[in-house]
Amino acid sequence: MRQAGRYQPEYREIKKTRRLIDIVTDPELCAQVTILPVDQLNVDAAILFSDIIMPITPMGIAFEIRDGVGPCLDTPIREEAHVKRLSVPDFVAEMPYVSETIHILRNQLSVPLIGFCGAPFTLACYLVEGGPSKHFTHVKRTIHGNPDMWNALMEVLTAGMAAYLRFQADCGAQALQIFDSWVGTLGVVDYRSHVLPYLTRLVAEVKRHVDVPIIYFGVQTGHLLESIAESGCDVIGLDWRVSIADARRRVPANIALQGNLDPGLLLGPWVVLEAHAKSILDQIDAPGFIFNLGHGVTPQTPVESLHKLTQFVHNYTKSRS
Ligand code: CP3
């Protein structure tokens, strides 16, 4: 999940003078921000510091990341002609800072490095809505009212993200995560018709070229698990609205699960947090599970709660094996 961020005093200090984009494009600083939570929390993997919207600039569309809001566009994509502004760039040439950051990280890290991208659907949400959205009205109007435009947009985003993930793996990322944060807004029928074919293509396209595990994470996807399992991904990341035991019964055993502690619990008493963490681990009786939060760390979270949590997960899993 998002490991680096405003819950860390050191990150808040850096953000006083630098925008997220300034951090991502400065390899030394970006590596430092990526490593910070690994050292601070003792987690078992690092996730490259970036944002899902970063590869969209080289694909042809300008945006800004507003504090407390997220990625925003001045001119959202609302017509078929607008989709033509997007193309698949040469990421090696357009994002040299990514390869440099990964190079630094692979030399410095003693844990694996995860690269990532936004899923075509969630990126399409930002591009079509122009920013975060509650009801995704423009997206749904496009899917159902202008399927040609939707398909063209999903096609170019799928090709773009396949190239971007391959690029990160070629640079040295050892696992890849696809974030589909807003996909829970769709029902099963629409997910299967308008999203799953592109996700399946994205996974296949990456796997054709690089041999790294692919994690697919979505929020509010309890109703979509069987469909997601058809995508070809190696790991499914879950939020806390579905239990791990239920997901385990519904997802084939060759697909690992990841999740799913409610990050809101990190704000409450330790005994409650510990009981929930233990209950998650107790639902697993075979290999193929990655303990994680069910979504990002909120800015109000005490660093100490996260540190205690990773320590507990390590100790508890060791004591059982
Ligand atoms: O080091 C790491 O942990 C990786 C960093 C990371 C960021 N964004 C940095 C960031 C990752 C993996 C992301 C992914 C991302 N970005 C997602 C998918 C995961 C999820 O949380 O659902 C999404 C939907 C986005 C879009 C986005 N960018 C949002 C919703 C926000 C938060 C807006 C806010 O201010 O609350 C951002 C900005 C952003 N990206 C921040 C960080 C640390 C926080 C604000 C900042 O520091 O500028």
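As a reminder, the structure under discussion sits directly above these lines.
Counting from 1, residues in each chain are numbered in the order their sequence is written. Note on the predicted model: pLDDT of at least 70 is required for a residue's local features to be given, and 80 or more for side-chain atom pairs to be given and counted; whole-chain, interface and lining totals, by contrast, use all residues. Only hydrogens and water are set aside; all other atoms, that is, all heavy atoms of the structure, feed into the side-chain values.

Caption draft 1: Quick peek at helix α7 (residues 96–108). Going along the chain from the N terminus, every DSSP run of H or I of four or more residues is numbered as a helix, and every run of E of two or more is numbered as a strand. Here, expected helix span is obtained from the residue count minus one, scaled by 1.5 Å. For α7, spanning 13 residues, the distance from its first C-alpha to its last is 19 Å, which sits close to the expected 18 Å at 1.5 Å a residue. Whether two residues touch is decided by their heavy atoms; if any such pair falls within 4.5 Å, the residues are in contact. Of the surrounding elements, those touching the buried residues of α7 are α2 (20–24), α3 (27–41), α6 (91–94), β4 (113–118) and α10 (147–171).

Caption draft 2: Structural context of the site of the ligand. In the region of the ligand, 27 residues are neighbours, and Gln-3, Tyr-11, Lys-15, Ser-181 and His-295 sit closest. At a separation of 2.6 Å, an oxygen atom of the ligand approaches a polar side-chain atom of His-295. Per-residue accessibility takes into account occlusion by the displayed protein chains alone, with areas from the Shrake-Rupley method and a 1.4 Å probe. Computed on the free molecule, the ligand has an accessible area of 870 Å², of which 94% lies beneath the protein chains in the complex. Sorting the residues of the shell around the ligand by element identifies α1 (9–15) and β3 (70–72) as the ones contributing at least two each. Each residue is assigned to one class: nonpolar for Ala, Val, Leu, Ile, Met, Phe, Trp, Tyr, Cys and Pro, charged for Asp, Glu, Lys and Arg, and polar for all the others, Gly among them. Among the residues making up the shell around the ligand, the classes are represented as 15 nonpolar, seven polar and five charged. The criterion for a residue being near a molecule or strand is simple. One of its heavy atoms has to lie within 4 Å of it. For this analysis, a polar contact is any N or O atom pair within 3.5 Å, provided that within protein one partner can donate a hydrogen and the other can accept it, and provided that sequence-adjacent residues contribute only side-chain to side-chain pairs.

Caption draft 3: Expanded view of the pairing of strand β9 (residues 289–293). β9 sits mainly inside the fold: four of its five residues count as buried. Direction of pairing for strand β8 (residues 256–261) relative to β9: parallel, over a ladder of five bridges. Each bridged residue has a counterpart across the sheet, and for Gly-259 the counterpart in β9 is Phe-291. In the classification by handedness, the crossover that spans β8, the intervening helix α15 (residues 270–282) and the parallel β9 is right-handed. The buried label goes to any residue with under 20% of its type's maximum accessible area, the exposed label to any with over 50%, and the partly exposed label to all in between, with areas taken from a 1.4 Å probe on protein chains only. Two strands are counted as paired when DSSP detects at least two bridges linking them. Handedness of a crossover is defined as follows: orient the strands so they point away from the viewer, and if the path from the first strand over the helix to the second runs clockwise, the crossover is right-handed.

Caption draft 4: Structural detail: the packing of α15 against helix α16 (residues 303–320). Direction vectors running N to C along α15 and α16 enclose 40°, while the axes themselves pass 10 Å from each other. Classified by the angle their axes make, α15 and α16 are oblique. Between α15 and α16 lies a crossing of right-handed hand. Of the residues in α16, those touching α15 at Trp-270, Leu-273, Glu-274, Ala-277, Lys-278, Leu-281 and Asp-282 are Ser-305, Lys-308, Leu-309, Phe-312, Val-313, Tyr-316, Thr-317 and Arg-320. Lines fitted to C-alpha atoms define the axes here, with helix axes fitted over just the stretch in contact, and angles between the N-to-C directions of these axes take values from 0 to 180 degrees. Angle categories are assigned with fixed cut-offs, so that under 35 degrees is roughly parallel, over 145 is roughly antiparallel, 65 to 115 is roughly perpendicular, and the rest are oblique. Less than a right angle of anticlockwise turn of the near helix away from the far helix marks a crossing as left-handed, whereas a clockwise turn marks it as right-handed.

Caption draft 5: Looking closely at the pairing of strand β6 (residues 214–218). Taken across its five residues, β6 has five buried, putting it largely inside the fold. With burial as the criterion, each face of β6 is covered, one bearing Ile-214, Tyr-216 and Gly-218 and the other bearing Ile-215 and Phe-217. Pairing geometry for strand β5 (residues 175–180) and β6, over five bridges, is parallel. Residue pairing across strands places Phe-179 opposite Phe-217, the latter belonging to β6. Relative to strand β7 (residues 235–237), β6 is paired through three bridges, and the arrangement is parallel. By the bridge assignment for β7, Tyr-216 is matched with Ile-236.

Caption draft 6: Expanded view of the sheet that holds β7. Sheet architecture is open: seven strands sit in the order β1-β4-β5-β6-β7-β8-β9, paired in parallel fashion. Each of the sheet's edge strands pairs with one partner strand only, and the pair in question is β1 (46–47) and β9.

Caption draft 7: Local environment of the nonpolar core. Residues belong to one nonpolar core when they are buried, are Ala, Val, Leu, Ile, Met, Phe, Trp, Tyr or Cys, and are joined through side-chain atoms within 4.5 Å. By size, the foremost hydrophobic cluster in this structure holds 120 residues, and its most contacted members are Phe-121, Ile-178 and Ile-236. Among the elements that line this core, the one with the most residues is α10, at twelve residues. Excluding residues that lie within four positions of it along the chain, Phe-121 makes contacts with Val-139, Ile-143, Trp-150, Met-154, Asp-180, Trp-182, Val-183, Thr-185, Leu-186 and Val-195.

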